[in-house]
Amino acid sequence: MAYLKPPWFVTNVFNKIAMATGISGSETLTLLGRGSGAEQQIPVISVDVDDIKYLVSTRGESQWVKNLRANPVVTLKTRTVTARFTAAEIPVDQRAPVIAAYRTKAGKQVDGYFAKLPDAADHPVFRLTPV
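K.L.:
Sorry if this is basic, but what is going on with the nonpolar core here?
P.N.:
When a protein is soluble and globular, its nonpolar side chains tend to lie buried together. Residues Leu29, Trp64, Leu68, Val74 and Leu128 are the most contacted members of the largest nonpolar core, which totals 14 residues. Going through the elements one at a time, strand 1 (27–32), strand 2 (39–44), helix 2 (63–70), strand 5 (73–77), strand 6 (82–89) and strand 7 (125–130) are the ones with two or more residues in this core. The element contributing the most residues to this core is helix 2, with 3 residues. If we skip the residues at most four places from it in the chain, Leu128 touches Lys53, Leu55, Val74, Leu76, Phe85, Thr86 and Ala87. Residues Tyr54, Val98, Tyr102 and Val125 belong to the second largest nonpolar core, which totals 13 residues.

K.L.:
Even after reading the chapter, I still don't get the pairing of strand 6, so can you show me in this structure?
P.N.:
Along a regular strand, successive side chains alternate from one face of the sheet to the other. Bridge count for strand 5 against strand 6 is 5 bridges, and the pairing is antiparallel. For Val73, the partnering residue across the bridge sits in strand 6 and is Thr86. Counting the residues between successive antiparallel strands, the hairpin from strand 5 to strand 6 contains 4 residues. In this structure, strand 6 lies alongside strand 7, joined through 5 bridges in antiparallel fashion. Along strand 7, the bridge assignment pairs Glu89 with Phe126.

K.L.:
Please clarify how helix 3 (residues 96–106) should be interpreted in this entry.
P.N.:
Because each turn of an α-helix spans 3.6 residues, side chains separated by three or four positions in sequence point in the same direction. Buried within helix 3 are the following residues: Val98, Ile99, Tyr102 and Ala106. Projected down its long axis, helix 3 shows its buried positions confined to an angular sector of 95 degrees, all on one face. Every exposed residue of helix 3 that faces more than 90 degrees away from the buried side is listed here: Ala96 and Thr104. For helix 3, the elements touching its buried residues are strand 3 (47–49), strand 4 (52–56), helix 4 (111–116) and strand 7. Downstream of helix 3 by one or two residues, Gly107 has phi in the positive range, about 80 degrees.

K.L.:
Can you help me understand the packing of aromatic side chains in this one?
P.N.:
This structure, assessed with the given rule, holds 1 aromatic pair. Each ring, one from Trp64 and one from Phe126, has its centre 6.1 Å from the other, and the planes form 50 degrees; the classification is tilted. Of this pair, Trp64 sits in helix 2 while Phe126 sits in strand 7, placing them 62 residues apart in sequence. Judged by its relative accessible area of 10%, Trp64 falls in the buried class.

K.L.:
Sorry, what's going on with the sheet that holds strand 6 here?
P.N.:
The strands that make up a sheet are held in pairs by hydrogen bonds between backbone atoms, and each pair lies either parallel or antiparallel. With antiparallel pairing, the 7 strands of this open sheet are ordered in space as 2-1-5-6-7-4-3. Both edges of this open sheet fall to strand 2 and strand 3, since each of them pairs with a single strand only. Here the average twist between neighbouring strands, direction ignored, is 40 degrees. The strands that helix 1 (residues 8–21) touches are strand 1 and strand 2; relative to strand 2, the one it contacts most, it runs at about 80 degrees. Strands in contact with helix 3 are strand 3, strand 4 and strand 7; relative to strand 3, the strand with the most contacts, it is inclined by about 135 degrees.

About the criteria used
Residues numbered from 1 in each chain as written. Predicted model: local features only at pLDDT ≥ 70, side-chain atom pairs only at ≥ 80, totals over all residues. Heavy atoms only, no water. Core = buried A, V, L, I, M, F, W, Y, C linked by side-chain atoms within 4.5 Å. Buried < 20%, exposed > 50% of the residue type's maximum accessible area, 1.4 Å probe, protein only. Helix = DSSP H or I, 4+ residues; strand = E, 2+ residues; numbered from the N terminus. Contact = heavy atoms within 4.5 Å. Pairing = 2+ DSSP bridges. Arc of directions from axis to C-beta. Phe/Tyr/Trp six-rings, centres within 6.5 Å; stacked < 30°, edge-to-face > 60°. Axes fitted to C-alpha atoms, helices over the stretch in contact; angles between N-to-C directions.

Shown next as structure tokens:
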């Protein structure tokens, strides 16, 4: 699977700011590492489609995607609410409406990822069910 590695600035500076401030509607995803069992936190933007919450990986087969597949119980935190979910990856043929809604919500900031990885198969999508 394809993967777009984030630049140093994004990993070491921007992600921390996004999680602290909720900039651009970001939320903090907390999950367990598949090998270490240590908590990993990354900023994400969830999207609701037909009253179901989803996560979309804009960068493709990222470490958080691999960790989520191995340990599907996660926490999603906004500035005011923290909730636990169980994640389940959805098949490629069901991703289009979720990706479209995600791109609308996230805006132009994600267009470059989809230009470099245009196939829905390159963007894992997870349905989040409240625990």
